Amino acid sequence: MPIESMEVLWFEQHELSLSELAGLSGLPLAVLEELLDCGAITPIESPGFEARFGAAALRAARAARRLRSDFELDIQALGLALSLLDRVAELEAQLRELRAKLPQRYPPRS
Amino acid sequence: MKYKDYYASLGLERAASEEQIKKAYRRLARKYHPDVSKETGAEEKFKEIAEAYQTLKDPEKRAAYDQLGSHAAGQEFEPPPNWQQQYSEAPFSAEEELDLSQLFAHLRGGGARSGGSRMSMPGQDYEVAVAISIDEAFNGTQIDLDLSMPEYDGQGRLHRVPRTFKARIPKGATDGQRLRLPGKGGKGLNGGRDGDLYLNISLRPHPLYRANGHDLYLDLPLAPWEAVLGTSVEVPTPGGVVRLKVPAGTQAGRQLRLPQRGLPRPKEGHGDLYAMVQIVVPGAVGDAERELYRKLAESSGFDPRGHFAVEAGHAH
């Protein structure tokens, strides 16, 4: 069996152009542009003219591709679903933070 | 080839109408879609549902599937003679690794007709959950991945190929982070790009540390007299033991910050480690110790609940 060693990239360190974002997410460019127009996907602040996108946008675009094909959602519904997923992720991060701060039982169960 | 019962996957009778198929799919997709479901095994379940729906929603594919006859799920079977010529554009081998879904991906029907089998198709992206320990996140680690991926051979036939990867998880990984391995997903077809492999990292629970991003939290139990008088304690961190000064009068719940002693960040620096003060009491005390506590109780003027009376008064 071939064993390959491979190069890994931090998802968080990605910076993508619009067409790279479309390619990596599998979303048609037209759909991606509509999601940009309605604010469901946002570019990162960049000094250049060309919009650049980070990990959050790639995550959202990939979710949008799945939701669109699996639920046959239109742009409005897609935008709504993405903003709700965002909120869920935010709440989960808060929950993770609170859980980390919550003291364990003392004495610890062996 | 192993038979899959697509009707059973959707909880349907074989005579189900198109409308019933759509309804069943929508109901199950809502329940098991990996983006919305928290149920364990949801992803696998959803793949099964989606595969069934892809075939049954298309009247031509459904007719081809019905022609395969009805078998028990998981039972070995062969498509009837001439079935391939009648329905399929791509040649396929009837070897065991061939998956029913791959057979149907090649059938004529709904939309895919125009390009035929020479159409360029990007490879599939895969997402894999990887759990690592806090010590592995601290030092970086190498993991083995065993995946089974559909691939085309030289004759354009599909096989399920077991692939083993070694992937280096660099320092800086933490809960909820993702890594992308470009081109390591499914192979593209006819010049389409190879898919990517995404690793979703999670941290396994640790007996001492709890992670939030790159910060770590550790419970620091103190005896009552240590909290009152102050002390200096040894605190374990993933990078080794450090000495921490606990100031006199330290209250329970206070967070003592040890800068840069958390998990390493991807580029540079570390998160912090927070020692969370707990004041704990011995489960049993001897006579001499109890006598000392009694003397303390008699001589202390400390009223820990002084604010009760004040606040209760305000409420009226």
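Cut-offs applied
Residues numbered from 1 in each chain as written. Chains lettered and ligands numbered in written order. Predicted model: local features only at pLDDT ≥ 70, side-chain atom pairs only at ≥ 80, totals over all residues. Pairing = 2+ DSSP bridges. Helix = DSSP H or I, 4+ residues; strand = E, 2+ residues; numbered from the N terminus. Core = buried A, V, L, I, M, F, W, Y, C linked by C-beta atoms within 7 Å. Buried ≥ 20, exposed ≤ 12 C-beta atoms within 10 Å, placed from the backbone. Domains from an automatic or database assignment. Contact = placed C-beta atoms within 7 Å. Nonpolar A, V, L, I, M, F, W, Y, C, P; charged D, E, K, R; others polar. Expected span 1.5 Å × (residues − 1). Axes fitted to C-alpha atoms, helices over the stretch in contact; angles between N-to-C directions. Parallel < 35°, antiparallel > 145°, perpendicular 65-115°, else oblique. Left-handed = near helix turned anticlockwise from the far one by under 90°. pLDDT = per-residue confidence, 0-100.

(A) Representation of the sheet that holds strand E2 (residues 9-10) of chain A within the structure. Read across the open sheet, the four strands follow the order E2(A)-E4(B)-E5(B)-E1(B); overall the sheet is mixed. With partners counted over all chains shown, the strands left at the sheet margins are E2 of chain A together with strand E1 (126-132) of chain B, one partner each. For strand E4 (residues 178-181) of chain B and strand E5 (residues 197-203) of chain B, the ladder comprises four bridges, and the chain directions are antiparallel. The residue bridging Leu-181 of chain B from the neighbouring strand is Leu-197 of chain B, located in E5 of chain B.

(B) Summary view of the nonpolar core. Of all hydrophobic cores here, the largest spans 28 residues; its most connected members are Ala-137, Leu-216, Leu-218, Ala-275 and Met-276 of chain B. Within the residue set of this core, elements represented by two or more residues are helix H7 (134-139), strand E3 (158-169), E4, E5, strand E6 (209-212), strand E7 (215-222) and strand E11 (273-279) of chain B. Looking at which domains feed residues into this core, each of domain 2 (126-203) and domain 3 (209-291) of chain B gives three or more. Residues within four places of Ala-275 of chain B in sequence aside, it is in contact with Leu-218, Leu-220, Val-235, Leu-244, Leu-256 and Leu-258 of chain B. Leu-32, Ala-63, Ala-64 and Leu-67 of chain A belong to the second-largest nonpolar core, a separate cluster that totals 19 residues.

(C) How the structure looks around the interface of chain A and chain B. Listed as interface residues are 26 residues of chain A and, on the opposing side, 30 residues of chain B. Among the elements of the structure, strand E1 (3-6), E2, helix H3 (55-71) and helix H4 (75-101) of chain A are those that each provide at least two residues to the side of chain A that touches chain B. Per-element accounting of the side of chain A that touches chain B gives the leading share, six residues, to H4 of chain A. The class makeup of the residues in the side of chain A that touches chain B is 14 nonpolar, four polar and eight charged.

(D) Examining H3 of chain A more closely. Residue and element names in this part refer to chain A. With 17 residues, H3 extends 24 Å from end C-alpha to end C-alpha; this agrees with the ideal 24 Å at 1.5 Å per step. Listed as buried for H3 are Ala-57, Leu-58, Arg-59, Ala-60, Ala-61, Arg-62, Ala-63, Ala-64, Arg-65, Leu-67 and Arg-68. In this structure, the buried side of H3 is in contact with helix H1 (18-25), helix H2 (29-37) and H4. Positive backbone phi, approximately 55°, marks Glu-72, located one or two places after H3.

(E) Representation of the packing of H1 of chain A against H3 of chain A within the structure. Residues and elements named next belong to chain A. Remark: H1 packs on H3, axes separated minimally by 9 Å, with the N-to-C direction vectors making an angle of 45°. The angle between H1 and H3 falls in the class oblique. The element H1 and its partner H3 pack so that their crossing is right-handed. In this structure, H1 uses Leu-21, Leu-24 and Ser-25 to contact H3, whose residues at the interface are Ala-57, Leu-58, Ala-61, Arg-62 and Arg-65. Per-class residue counts for the contact of H1 with H3 are five nonpolar, one polar and two charged.

(F) Quick look at the confidence of the model for chain A. For chain A, the average pLDDT comes to 84, and 85% of its residues sit at 70 or higher. Mean pLDDT across the secondary structure elements of chain A bottoms out at E1 of chain A, with 56, and peaks at H2 of chain A, with 92.

(G) Up close: the sheet that holds E6 of chain B. Ordered in space as E6-E7-E11-E10 (chain B), the four strands form an open sheet in which the pairing is mixed. Every interior strand has two partners, whereas the edge strands, E6 and strand E10 (255-258) of chain B, have only one. With strand direction ignored, the average angle separating the axes of adjacent strands in the sheet is 30°. Bridge analysis of E7 of chain B against E11 of chain B gives seven bridges, and the strand direction is parallel. By the bridge assignment for E11 of chain B, Pro-221 of chain B is matched with Gln-278 of chain B. H4 of chain A contacts E6, E7 and E11 of chain B of the sheet and is inclined by roughly 155° relative to E6 of chain B.

(H) Spatial organisation of unusual backbone geometry. If you check the backbone angles, Glu-72 of chain A has positive phi at about 55° while not being a glycine. Turning to its location among the elements, Glu-72 of chain A is positioned in the loop between H3 and H4. Judged by the 12 C-beta atoms lying within 10 Å of it, Glu-72 of chain A falls in the exposed class. Although it is not a glycine, Gln-260 of chain B adopts a positive phi angle of roughly 65°.

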